[in-house]
Amino acid sequence: MSEIRLIQIPFSHNCIKVRLALERKGIPYAVENIPPADRRSPRRASGQGLVPVLLDGGRAVSDSTAILLHLEQRFPEPALLPRDPALRAECLVLEDWADERFMAMSRRIAYFHVLSRPGLLGRMFFPDLPAWRRALQERLARRVVVRRFRISASRHALDLVAAKGAARLAVDRLAGRAHLLGGGLTLADLALATMSAPLAADAGLAADPAVAALLAWDRSIVGAAIMDAYTG
């Protein structure tokens, strides 16, 4: 088997989604961690600057959903997509909904709280720099993050309302089950768990009954270490 390498930002929920799929399938892989401000490696590998990028032999695959589908084709067992065509289609619809509904919103909520804690963004983005250089770089990075993800107090207030509604839909769809679809863990579960996990960063939001129920379910999918990273 050719070496599989994942170019990633470790705390990116898109990258976590891919790692969970690799680990679920028992696929050996190497990681190349990049700082968020330096996108040269994914650009060299794939022609674009976003992560994750999966290198599988001579092929580079970008976009987390495309990577999961590539892995499912290359390594079909254990399956993360149902065999039945109707259930497979439902799984992909749910996976797409989870990405679209939660990804940007939960990221903004998490970054809003990161930006409220001086020094945290610098430690996340520039962990290897000396403290004085990290502090300088953090000032620039804060402006970039605010502009890129459109973070503001007014946007945050709207996101909190939207998160409660989306969490209620997700919890109602789960209806107390361990997975979104019968038959075990699927790509839809991985997407919903990883995309909604950053909601844990907001303690007030996490106290909402629907959000709390969703986050408890997330923990069963992604593990305690990932969930604790958002609250610590």
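Residues numbered from 1 in each chain as written. Predicted model: local features only at pLDDT ≥ 70, side-chain atom pairs only at ≥ 80, totals over all residues. Heavy atoms only, no water.

Trainee: Any chance you could explain the pattern of salt bridges here in plain terms?
Mentor: A side chain with one charge can pair with a side chain of the opposite charge if their charged atoms come near. All told, the structure shown has 12 salt bridges when counted by the stated rule. The salt bridge partner of Arg74 is Asp56, with a shortest N-O separation of 2.7 Å. One end of the pair, Arg74, is in helix H3 (residues 64-74); the other, Asp56, is in strand S3 (residues 53-56), with 18 residues separating them in the sequence. Here Asp228 makes a salt bridge to Arg219, at a shortest N to O gap of 3.2 Å. Overall, Asp228 belongs to the partly exposed group, its relative accessible area being 39%. A network of salt bridges, in which partner residues are shared, links Lys17, Glu95 and Asp99. (Salt bridge = Lys/Arg side-chain N within 4 Å of Asp/Glu carboxyl O. Helix = DSSP H or I, 4+ residues; strand = E, 2+ residues; numbered from the N terminus. Buried < 20%, exposed > 50% of the residue type's maximum accessible area, 1.4 Å probe, protein only.)

Trainee: How do you make sense of the sheet that holds S3 when you look at a structure like this?
Mentor: Note: strands within a sheet are paired through backbone hydrogen bonds, in either parallel or antiparallel orientation. What the four strands build is an open sheet, ordered S2-S1-S3-S4; its pairing is mixed. The open sheet is flanked by strand S2 (30-33) and strand S4 (59-62), the only strands paired with a single partner. Strand after strand, the sheet turns through a mean of 20° between neighbouring axes, direction not considered. Inspection of the sheet shows S3 paired to S4 by four bridges, in the antiparallel sense. In the strand pairing of S4, Asp56 is matched with Arg59. (Pairing = 2+ DSSP bridges. Axes fitted to C-alpha atoms, helices over the stretch in contact; angles between N-to-C directions.)

Trainee: I tried to follow the layout of surface pockets on my own but got confused; where do I start?
Mentor: Rolled over the atoms, a probe sized like a water molecule indicates the empty space that remains. By volume, the largest pocket is sized at about 1,100 Å³. Considering the residues around the largest pocket, the lining is formed by 45 residues, among which Ile9, Phe11, Ser12, Arg107 and Tyr111 are closest to the centre. Elements supplying a minimum of two residues to the lining of the largest pocket: helix H1 (13-24), H3, helix H4 (85-115), helix H5 (120-125), helix H6 (131-149) and helix H11 (224-231). Among the residues making up the lining of the largest pocket, the classes are represented as 26 nonpolar, 12 polar and seven charged. Here the second largest pocket defines a volume of roughly 220 Å³. A total of three residues in the lining of the second largest pocket trace back to one element, the largest contributor, which is H5. The residue inventory of the lining of the second largest pocket, partitioned by class, reads 10 nonpolar, one polar and two charged. (1 Å grid on protein atoms, 1.4 Å probe; cavity = no way out; pocket = protein on both sides within 12 Å on 5 of 7 lines; lining within 4 Å. Points joined across faces, edges and corners; volume = space filled by probe spheres on them. Nonpolar A, V, L, I, M, F, W, Y, C, P; charged D, E, K, R; others polar.)

Trainee: Please clarify how the environment of Leu214 should be interpreted in this entry.
Mentor: Secondary-structure assignment places Leu214 in helix H10 (residues 209-222). In the structure, Leu214 is positioned 47 residues away from Ala167 in sequence and 6.3 Å away in space, judged by C-alpha atoms. With near-sequence residues (within four places) excluded, Leu214 lies in contact with Phe102, Ala167, Ala170, Val171, Leu192 and Ser196. (Contact = heavy atoms within 4.5 Å.)

Trainee: Would you mind going over the side chain of His13 with me for this structure?
Mentor: The topology assignment puts His13 in helix H1. For His13, a relative accessible area of 5% puts it in the buried group. Engagement of the side chain of His13 in a polar contact is seen with the backbone oxygen of Met103, the distance being 3.3 Å. (Polar contact = N/O pair within 3.5 Å; in protein donor to acceptor, adjacent residues only side chain to side chain.)

Trainee: Is there a simple way to explain unusual backbone geometry in this structure?
Mentor: Excluding glycine, residues mostly have negative phi values, and the peptide bonds linking residues are mostly trans. In this model, Val51 is joined to Pro52 through a cis peptide bond whose omega is 10°. Here the amide bond leading from Glu77 into Pro78 is cis, since omega sits at -10°, within 30 degrees of zero. With respect to the secondary-structure elements, Pro78 resides in the loop between H3 and H4.

Trainee: Help me out: how do you make sense of the pairing of strand S1 (residues 4-8) in this one?
Mentor: Side-chain positions along a regular strand alternate between the two faces of the sheet. Most of S1 sits inside the fold, with four of its five residues counted as buried. Pairing between S1 and S3: four bridges, direction antiparallel. For Ile7, the partnering residue across the bridge sits in S3 and is Val53. Following the chain from S1 across H1 to the adjacent parallel S2, one finds a crossover that is right-handed. (Right-handed = clockwise from strand over helix to strand, strands pointing away.)

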